[in-house]
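Examination of the molecular architecture
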Amino acid sequence: MKTGVSRSWILVDNKGQTSILDLDKYAIMKRVSIHARDLRILDPLLSYPSAILGREKAIVLNLEHIKVIITTEEVLLRDPLDDNVLPVVEELQRRLPLPAIGLGEGEDDDHPVVNGTQNEMQTDEPIEFPFEFRALEVALEGVCSYLDTQTRELETAAYPALDELTSKISSRNLDRVRKLKSAMTRLTSRVQKVRDDLEQLLEDDDDMADLYLSRKLSARVSSPLSGRVAPYWSPDSSTVGSKLLSRASRISGITHEETDVEELEMLLEAYFVQIESTMNKLTTLREYIDDTEDYINIQLDNHRNQLIQLELFLSSGTVCLTVYSLVAAIFGMNIPHTWKKDHGYLFKWVVMLAGIASASVFLSIITYARHKGLVGS
């Protein structure tokens, strides 16, 4: 099973056509020119953190269920049979092919190129996103939409459960809210990881520049050193060397266009705002849960106070009955007394006076407790 999972890939080319690949890791490394440690980030059997890495000829992205390698011509995704990956594949098929922009029937022959005029006119047309950015946008959209959908489902289940708990505190409702809170904590951690990755990428212009694969490819083609800089890629080459070559390929003939990352920055900011909105929803839900917990604790404290008051009343009554029992015990002792003879009328007075004394003691205790604020008025 492990070998089957590690060899399963789906390829989407720049025409939107898909194919299932059964390649080992060495074939993938040679195909997309990445190192083994970058490929291990995408291994579903290993617990690697989420990451968006720009390499010389590829973008390695590991966010949630989307594990993808993006080049200038194709996209490789892990786990093609995963239900969560299939919508991403369908979206890649729809959005990766560039729309055909024709000049009309017969215009290619009627308007020949004169001193590059036609090329200049075509240059003035809006330039589409590079292939790697269109694929990156689909991946980010899939991750953000997936997390937002899970957040909305959690909200749909959590708010009614919390309202039901406030109206009736029971073991069933408490256990239900506990499970929802655990799910919210796990989801918040996942959203926070994606948010941190996007924020870290937005704060580093060099990392964003590494994601411009088409620009680096054009620089290698146009650079006079392109024939001498890393003509062959080897999986055993050092990572430091590949980074130096990446920097060298950009440094040779640096222009404003090569250092401009505004296009990618706007793309990343759009999905950073979306993931930030999802994070705010979870934060609001957490605050609602905390408020509910405070309300439940207040209710439980009130119930405990009522039990303490009841215990105080019962203890006071017990003391008063003890006084009454003491009088009955004194008169019930089998000791000869002269006043026992011909004084039967004293029985009712003893009973009445003992009852009045017990009631007076009880009222005195309750009055003192209310005066000190121990019980409610």
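Right above here is the structure, for reference.
What comes next concerns the included structure. (Residues numbered from 1 in each chain as written. Predicted model: local features only at pLDDT ≥ 70, side-chain atom pairs only at ≥ 80, totals over all residues. Heavy atoms only, no water.)

**Considerations on helix α2 (residues 25-32)**
For α2, the complete set of buried residues consists of Ile28, Met29 and Val32. Projected down its long axis, α2 shows its buried positions confined to an angular sector of 100°, all on one face. Exposed side of α2, more than 90 degrees from the buried face: Tyr26 and Lys30 are the residues found there. Among the residues trailing α2, Ser33 stands out with phi positive, at a value near 60°. (Buried < 20%, exposed > 50% of the residue type's maximum accessible area, 1.4 Å probe, protein only. Helix = DSSP H or I, 4+ residues; strand = E, 2+ residues; numbered from the N terminus. Arc of directions from axis to C-beta.)

**Observations regarding the pairing of strand β4 (residues 59-63)**
Across the five residues that make up β4, a large majority, five, are buried. Side chains of β4 alternate between two faces, with Ile59, Leu61 and Leu63 and Val60 and Asn62 buried alike. In terms of strand pairing, strand β3 (residues 51-54) meets β4 through four bridges, oriented antiparallel. Of the residues in β4, the one forming a bridge with Gly54 is Ile59. Linking β3 back to β4 in an antiparallel pair, the connection comprises four residues. With five bridges joining them, β4 and strand β5 (residues 66-70) adopt antiparallel strand pairing. Residue pairing in the sheet places Ile59 in a bridge with Ile70 of β5. A loop of two residues connects β4 with β5, the two strands running antiparallel in sequence, and Glu64 in this loop sits at a positive phi of about 55°. (Pairing = 2+ DSSP bridges.)

**Observations concerning the packing of helix α7 (residues 131-167) against helix α13 (residues 262-331)**
Axes are the key here: two packed helices are described by the angle between their axes and the distance separating the axes. The interhelical angle for the contact between α7 and α13, taken along N-to-C directions, is 15°, at an axis separation of 10 Å. Between α7 and α13, the angle is such that the two are roughly parallel. Both α7 and α13 take part in a crossing whose hand is left-handed. Among the residues forming the contact of α7 with α13, the class breakdown is 21 nonpolar, eight polar and eight charged. (Axes fitted to C-alpha atoms, helices over the stretch in contact; angles between N-to-C directions. Parallel < 35°, antiparallel > 145°, perpendicular 65-115°, else oblique. Left-handed = near helix turned anticlockwise from the far one by under 90°. Nonpolar A, V, L, I, M, F, W, Y, C, P; charged D, E, K, R; others polar.)

**Remarks on the environment of Val327**
Along the polypeptide, Val327 turns up in helix α13. For the pair Val327 and Val351, spaced 24 residues apart in sequence, the C-alpha separation works out to 8.8 Å. Not counting residues within four places of it along the chain, the set of residues in contact with Val327 comprises Val350 and Ala354. (Contact = heavy atoms within 4.5 Å.)

**A word on the packing of aromatic side chains**
Enumeration over the complete set of coordinates arrives at two aromatic pairs. Aromatic side chains Phe133 and Tyr212 sit 4.7 Å apart centroid to centroid with 80° between the ring planes, which places their arrangement in the edge-to-face category. Placement of Phe133 in helix α7 and of Tyr212 in the loop between α9 (205-210) and α10 (213-222) is noted, with a sequence separation of 79 residues between them. Here the two residues Phe133 and Tyr212 agree in accessibility, since each one is buried. With a centroid separation of 5.0 Å and an interplanar angle of 70°, the aromatic rings of Tyr159 and Tyr288 are classed as edge-to-face. Note that Tyr159 is positioned in helix α7 and Tyr288 in helix α13, a separation of 129 residues in sequence. The class of Tyr159 is partly exposed, set by a relative accessible area of 24%. Geometry around Tyr212 places Arg215 over its ring, the cationic atom sitting 3.9 Å from the centre. (Phe/Tyr/Trp six-rings, centres within 6.5 Å; stacked < 30°, edge-to-face > 60°. Lys NZ or Arg CZ within 6 Å of the ring centre and 35° of its normal.)

**Examining the pattern of salt bridges**
This model, assessed by the stated rule, comprises 18 salt bridges. In this structure, Asp38 and Arg55 form a salt bridge, with 2.8 Å as the shortest nitrogen-oxygen distance. Of the two residues, Asp38 is situated in helix α3 (residues 36-40) and Arg55 in the loop between β3 and β4; the sequence distance between them amounts to 17 residues. Considered together, Asp38 and Arg55 belong to a single accessibility category, that of buried residues. The partner of Glu91 in a salt bridge is Arg94, with the nearest N and O atoms 2.4 Å apart. Note that Glu91 and Arg94 are positioned in helix α4 (residues 86-95) at a spacing of three residues, about one turn of the helix. Residue classification places Arg94 among the exposed residues on the basis of a relative accessible area of 58%. Through salt bridges that share partners, Glu91, Arg94, Arg95, Glu137 and Glu141 make up one connected network. (Salt bridge = Lys/Arg side-chain N within 4 Å of Asp/Glu carboxyl O.)

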